[in-house]
Amino acid sequence: MVRDVLGWRKLFGVMGPSTNTVVQPDFDMMRPAGVTNHYSRIYTPNADAVSNETFRAGAELIGANTLDAVRSVMTCNPDYLVMGMSAVTFFDGARGADRFITQVKEVSGLDISVGSHSCTAALNAHGGVKRLAVLSPYWPAMNTEVARYFGDMGFTVVRDIALQARSWTGIAQITPRQCVDAIKKIDGDDVDAIIQVGTNLSMVRLAAMAELWLGKPVIAINTATYWHALRANGIMDKVEGCGRLLEEF
């Protein structure tokens, strides 16, 4: 079989919101030799007054535009798809995540890694995890959807924090200091693992460092999603500096 010169192992088609400036460099940071990432932007108006009432409607608009991005990226003949936006993969719990995957597969004919199920796979890989704390750049109404999803998958969200970004691009402006403060608020002896959702929030390196001083899994959703895509394609390369998930599993 003739292979792409640079993507001689796999070509990943990645769909991400047009406002998202973090997921692309995050995925590229974790990319092993012979795997290439090919981005298709999901058209996303940059609402600058996101609120608890409007967050879900805005995220659903992104979800509605996703299939157009899938059709666009299919023209480069990718081997596999990766969803670079997490909120829509948590809507309506596990059933909603499965429905989203089915819709993408009907259009593309390809399998896809999505944030919600990737986080579940990551937690199961660590083993012994039942009680979660969740950090998001979302608003409380969306955190409720995230907790519902994890409940469907057999976990309990004991605490969560929503950093309430006021715009889609504002998510990428949340600082490491804010993330550290949030982790300290939600961690505790009753928490087995911490999950960070929201692909435009930069936490891959910070989550890896937090694991060292907390002694428990701290999983950034971009790490979980890209790890899942690699492992689903039989690519077992270990990537240093991005946490136990990519170093050990």
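Data block above holds the structure.
For the structure given in this document, a descriptive report is provided here. Since the model is a prediction, treat every value here as computed from it, not as a measurement.

Our next topic: the sheet that holds strand β5 (residues 131-136). In space, the four strands of this open sheet follow the order β6-β5-β7-β8, with parallel pairing throughout. Where the open sheet ends on each side, the last strands, each with one partner, are β6 (156-162) and β8 (218-220). The sheet shows a mean angle of 20 degrees between the axes of neighbouring strands, direction not considered. Here β5 pairs with β6 via six bridges, running parallel.

What follows concerns the side chain of Ser 40. Counting through the fold element by element, Ser 40 comes out in strand β2 (residues 35-42). A distance of 2.7 Å separates a polar atom in the side chain of Ser 40 from the backbone oxygen of Ala 69.

The next thing to look at is helix α2 (residues 55-73). Helix length check: α2 (19 residues) gives 26 Å between terminal C-alpha atoms against 27 Å at 1.5 Å per residue, within 8%. Largest kink in α2: about 30 degrees, centred on Asn 65. If you check which residues of α2 are buried, you get Phe 55, Gly 58, Ala 59, Ile 62, Asn 65, Thr 66, Ala 69, Val 70 and Val 73. As for α2, its buried residues are in contact with β1 (10-17), β2, β3 (80-83), α3 (93-108) and α5 (140-152).

The subject of this paragraph is the environment of Met 15. Mapping Met 15 onto the fold places it in strand β1. Measuring from C-alpha to C-alpha, the distance between Met 15 and Thr 44 comes to 12 Å, with 29 residues separating the pair along the chain. If we ignore the near neighbours within four places in the chain, the residues touching Met 15 are Ser 40, Ile 42, Ala 69, Val 70, Val 73, Leu 81, Val 82, Met 83, Gly 84, Met 85 and Ile 112.

Looking at where Asn 37 falls in the secondary structure, it is placed in strand β2. Under the relative-accessibility criterion, Asn 37 is labelled buried at 11%. A distance of 2.9 Å separates the side chain of Asn 37 from the side chain of Asp 28, its partner in a polar contact. Apart from the residues within four sequence positions on either side, Asn 37 is in contact with Phe 12, Val 14, Phe 27, Asp 28, Arg 31 and Tyr 226.

Turning our attention to empty space enclosed by the protein. Empty space left among the atoms is revealed by rolling a probe the size of a water molecule over them. For the structure on display, the rule yields two cavities of 30 Å³ or more. Considering only enclosed or pocket space, the largest cavity measures out at about 140 Å³ in volume. What lines the largest cavity is a set of 15 residues, and nearest its centre among them are Pro 17, Met 85, Trp 168, Ile 171 and Asn 200. Here the lining of the largest cavity is built from residues that sort into nine nonpolar, six polar and no charged. Lining the second largest cavity are Val 204, Ala 207, Ala 208, Glu 211, Val 218, Ile 219, Ala 220, Thr 223, Cys 242, Gly 243, Arg 244 and Leu 245. Among the secondary structure elements, those contributing two or more residues to the lining of the second largest cavity are α7 (204-214), β8 and α9 (244-248). Of all the elements, α7 adds the most residues to the lining of the second largest cavity, at four residues.

The rules behind these values
Residues numbered from 1 in each chain as written. Predicted model: local features only at pLDDT ≥ 70, side-chain atom pairs only at ≥ 80, totals over all residues. Heavy atoms only, no water. Pairing = 2+ DSSP bridges. Helix = DSSP H or I, 4+ residues; strand = E, 2+ residues; numbered from the N terminus. Axes fitted to C-alpha atoms, helices over the stretch in contact; angles between N-to-C directions. Polar contact = N/O pair within 3.5 Å; in protein donor to acceptor, adjacent residues only side chain to side chain. Expected span 1.5 Å × (residues − 1). Bend = angle between axes of the 7 residues up to and from the residue. Buried < 20%, exposed > 50% of the residue type's maximum accessible area, 1.4 Å probe, protein only. Contact = heavy atoms within 4.5 Å. 1 Å grid on protein atoms, 1.4 Å probe; cavity = no way out; pocket = protein on both sides within 12 Å on 5 of 7 lines; lining within 4 Å. Points joined across faces, edges and corners; volume = space filled by probe spheres on them. Nonpolar A, V, L, I, M, F, W, Y, C, P; charged D, E, K, R; others polar.

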